[in-house]
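Residue strings, one per chain:
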Amino acid sequence: VSRRALRPFAPFARADVIIASPLGLRQQMGPVGAAPLPCDWLSSIELSAIVHATALAMQNWAHLDEALGGLNGVPTDPGETDFARVRPYFLDGLARHLRQTVVLEEFSSAEAASLLRRRCANVSGAVRARRAPEGGVVPRPRGGRPQRFVF
């Protein structure tokens, strides 16, 4: 990204922004089903946004889990890494604690909570925001009617 141009199809090692599905990231990390290979181009991720997590929960959640597990590793191959972009805390292995992860979903799910607990360890903590419930169909039932329970 520069002032005048955005190159959407740059190689991963030189990209400023990566927009990908969890399956696409997992396929770039190595064959699906095998252990993920270390990917130096995932070592300098500062913000990861997971949009429509409820739709991803209906797919293979393991791809998302493995893709987030591959983020912020220490670079191993200096040939592909641009060291002008690598910050010192990345090399110290602390990038995992400074990455911001945003998960957007329509309702709370156990999978997303587990993913945030295991894969996201930001030093500033976590914030969970919910929309306030609206009135509903029957905001207040009319009172004054006796109820009898017969056993």
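The rules behind each value
- Residues numbered from 1 in each chain as written.
- Predicted model: local features only at pLDDT ≥ 70, side-chain atom pairs only at ≥ 80, totals over all residues.
- Heavy atoms only, no water.
- Helix = DSSP H or I, 4+ residues; strand = E, 2+ residues; numbered from the N terminus.
- Buried < 20%, exposed > 50% of the residue type's maximum accessible area, 1.4 Å probe, protein only.
- Contact = heavy atoms within 4.5 Å.
- Areas by Shrake-Rupley, 256 points an atom, 1.4 Å probe, with all protein chains shown as cover.
- Arc of directions from axis to C-beta.
- Salt bridge = Lys/Arg side-chain N within 4 Å of Asp/Glu carboxyl O.
- pLDDT = per-residue confidence, 0-100.
- Pairing = 2+ DSSP bridges.
- Polar contact = N/O pair within 3.5 Å; in protein donor to acceptor, adjacent residues only side chain to side chain.

S.K.: Would you mind going over the overall build of the protein chain in detail, with residue names and values included?
M.R.: For the protein chain, the count of helices and strands is 6 helices and 2 strands. Written out in order from the N terminus, the α and β elements of the protein chain read α-β-α-α-α-α-β-α. Classification of the 151 residues of the protein chain by burial places 24% in the buried group. Taking as baseline every contact in the protein chain between residues at least 6 positions apart, the subset at least 24 positions apart corresponds to 62%. Of the roughly 11800 Å² that the protein chain leaves accessible, carbon and sulfur atoms contribute 55%.

S.K.: Residue-level account of helix α6 (residues 110-119), with values.
M.R.: Taken together, the buried positions of α6 are Ala 112, Ala 113 and Leu 115. Down the axis, α6 shows its buried residues gathered within 160 degrees of arc, on one side only. Looking at α6, the residues exposed on the side facing more than 90 degrees away from the buried face are Ala 110 and Arg 117. Buried residues belonging to α6 abut β1 (47-50), α3 (61-69) and β2 (100-103).

S.K.: Give me the lowdown on the pattern of salt bridges, citing residues and values where you can.
M.R.: Using the criterion set out here, one finds 4 salt bridges in the structure. A salt bridge links Arg 87 to Glu 46; the nearest nitrogen and oxygen atoms lie 3.3 Å apart. In this pair, Arg 87 is assigned in the loop between α3 and α4 (88-91) and Glu 46 in the loop between α1 (22-28) and β1, connecting sequence segments 41 residues apart. Accessibility expressed as a relative area gives 39% for Arg 87, which makes it partly exposed. Since its relative accessible area comes to 35%, Glu 46 is described here as partly exposed.

S.K.: Quick one: what's the story with the confidence of the model for the protein chain, residue by residue and with numbers?
M.R.: Here the protein chain averages 80 in pLDDT, and 89% of its residues register 70 or above. Within the protein chain, α4 has the poorest average pLDDT of any element, 81, and β1 the best, 89.

S.K.: Account for the pairing of β1, with residues named and values stated.
M.R.: On any regular strand, side chains alternate: one points to one face of the sheet, the next to the other face. The two faces of β1 differ: Ser 48 and Ile 50 on one face are buried, but Leu 47 and Ala 49 on the other face are not. In this structure, β1 lies alongside β2, joined through 4 bridges in parallel fashion. In the sheet register, Ala 49 faces β2, and the bridge partner there is Val 102.

S.K.: Report on α3, specifying residues and quantitative values.
M.R.: Every α-helix carries 3.6 residues per turn, so stepping three or four residues along brings you back to the same face. Trp 61, His 63, Leu 64, Asp 65, Ala 67 and Leu 68 are the residues of α3 that are buried. Contacts made by the buried residues of α3 are with α1, β1, α2 (53-57) and α6. Two or three places before Ala 62, at the start of α3, stands the capping residue Asn 60, its side-chain oxygen 3.2 Å from that residue's backbone nitrogen.

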